[in-house]
Amino acid sequence: MGKNYLIGVDIGTGGTKAGLFSEEGECVAEAFEVSDLHRPAAGTVEEDPERQAASVARTIRECVERSGVDASSVCGIAIDGQMAGIIGVGADGRNVTPYDSWLDTRCAPYIDRMNQTAGDAVLASTGNTPSFNHGPKILWWKEEHPEVYARIHSFVQPGGYAAMRLCGLSADHAFIDTTYLHFSGFADSEHAKWNRELLATFDVDAGKLPQIRSPQEVVGALSSEFASACGLREGTPVAAGAGDTAASFLSCGAVDEGVCVDVAGTASVFAATVRQFRVDRADMIMGIGRSIVPGLWHPYAYINGGGLNLSWFRDEIVMRR
């Protein structure tokens, strides 16, 4: 009997990374493709969701070709991705907005609105204060582009969008996994459901929010179109996956209470691992998100800079000398 393999993909801010792993955890092959961030105006940072999905397929295919493994031996795919941005999808599951990145600051007035209207309630329910994340961004699309908002059937993140495209899912099957909920602005994170009172407070249609799934759940199977693009067999199961930061906590071993993590990615993150959903009401510095490991939580804070400063220094200082 031959070996079985799994594929993991990360849609990061800097690029899409894929790895093909044996059941024992050995990385057999990996691939990387640089992201294409669009900055058409001050404060605007966007990506093309279709390009993100295509980059997932390309990096998976590269892993399969490099490894030489039989496509039939790959028994599952999971995708993690950037956490605080959003993509609006239409009824057919295709994007009607670009990816509104977590680096995009256009929603700043709606951060103030959420904080002034019900900031304490948002913090208590989601575990995080309104910031450059889902809630204010959804309000920005609702108020600034109502004609586009009307066409949106659900808001998702890049990992979820790519999984939907790989499986050919419509908006009826749009999903968000539990590790993203603290960024949502409208979730009851502790109980993994939407907070109807918060949605009513901000006049957001609950129907535009996706199903809530656990990271381990299978959300669909690889379509014939994307099976060909990925170099895999049609019907390969695709799991919900998780947010990229949550995935990094799992990968470095933050699977027990008391483990702390310092992440030097595009964002600089410091986190702990605890067993209780406990909100930072006193200082409002630490948000708290659900771990991939059932029963655990990660209180953490981050800076929207960190590793991104390296490319800024290269482009703005070194290359202009």
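Residues numbered from 1 in each chain as written. Predicted model: local features only at pLDDT ≥ 70, side-chain atom pairs only at ≥ 80, totals over all residues. Heavy atoms only, no water.

1. Details of the state of the cysteines
By definition, a disulfide links the sulfur atoms of two cysteines through a covalent bond. Under the defined criterion, the tally for this structure stands at zero disulfides. A disulfide-free cysteine, Cys252 has its sulfur positioned 10 Å from the sulfur of Cys260, the nearest such atom. Taking relative accessible area as the criterion, Cys252 reaches 46% and is therefore assigned partly exposed. (Disulfide = S-S within 2.5 Å. Buried < 20%, exposed > 50% of the residue type's maximum accessible area, 1.4 Å probe, protein only.)

2. Some remarks on the sheet that holds strand β3 (residues 27-34)
In space, the six strands of this open sheet follow the order β3-β2-β1-β5-β14-β13, with mixed pairing throughout. Each edge of the sheet is formed by a strand with only one pairing partner; in this case those strands are β3 and β13 (218-221). If you compare each strand with its neighbour and ignore which way they point, the axes differ by 20 degrees on average. Taken together, the two bridges between strand β5 (residues 74-81) and strand β14 (residues 237-239) define a ladder with parallel strand orientation. By the bridge assignment, Ala78 is partnered in β14 with Ala239. Where helix α1 (residues 49-67) meets the sheet, it contacts β1 (5-11), β2 (15-22), β3 and β5, and its direction lies at approximately 145 degrees from that of β3. (Pairing = 2+ DSSP bridges. Helix = DSSP H or I, 4+ residues; strand = E, 2+ residues; numbered from the N terminus. Axes fitted to C-alpha atoms, helices over the stretch in contact; angles between N-to-C directions. Contact = heavy atoms within 4.5 Å.)

3. Digging into the pairing of β5
Burial analysis of β5 places six of its eight residues in the buried class, the great majority of the element. In the sheet, β1 pairs with β5 via six bridges, with the strands oriented parallel. Looking at the pairing, Val9 lines up with Ile79 of β5.

4. Thoughts on the pattern of salt bridges
Between side chains of opposite charge, pairing is possible as soon as their charged atoms come close. Scanning the entire structure with this criterion turns up 17 salt bridges. A salt bridge links Glu46 to Arg106; the nearest nitrogen and oxygen atoms lie 3.1 Å apart. Note that Glu46 is positioned in strand β4 (residues 46-47) and Arg106 in the loop between β7 (99-100) and α2 (108-126), a separation of 60 residues in sequence. By relative accessible area, Glu46 is classed as buried at 16%. A residue is classified by how much of its surface remains accessible, and Arg106, at 22% relative accessible area, is partly exposed. We note a salt bridge from Asp104 to Arg106, for which the minimum N-O separation is 2.8 Å. For Asp104, a relative accessible area of 1% translates into the label buried. When salt bridges with common partners are traced through the structure, they connect Arg113, Lys142, Glu143 and Asp203 into a single cluster. (Salt bridge = Lys/Arg side-chain N within 4 Å of Asp/Glu carboxyl O.)

5. Quick word on the packing of α2 against helix α3 (residues 134-144)
Contact geometry of α2 with α3 gives a least axis separation of 8 Å together with a crossing angle of 110 degrees. Taken together, the axes of α2 and α3 are roughly perpendicular relative to one another. By crossing handedness, the relation of α2 to α3 is classed as right-handed. On α3, the residues touching Tyr110, Ile111, Arg113 and Met114 of α2 are Gly135, Pro136, Leu139, Trp140, Glu143 and Glu144. Here the residues of the contact of α2 with α3 are counted per class, giving six nonpolar, one polar and three charged. (Parallel < 35°, antiparallel > 145°, perpendicular 65-115°, else oblique. Left-handed = near helix turned anticlockwise from the far one by under 90°. Nonpolar A, V, L, I, M, F, W, Y, C, P; charged D, E, K, R; others polar.)

Honestly, that's just the spatial picture; any functional story needs more than this.
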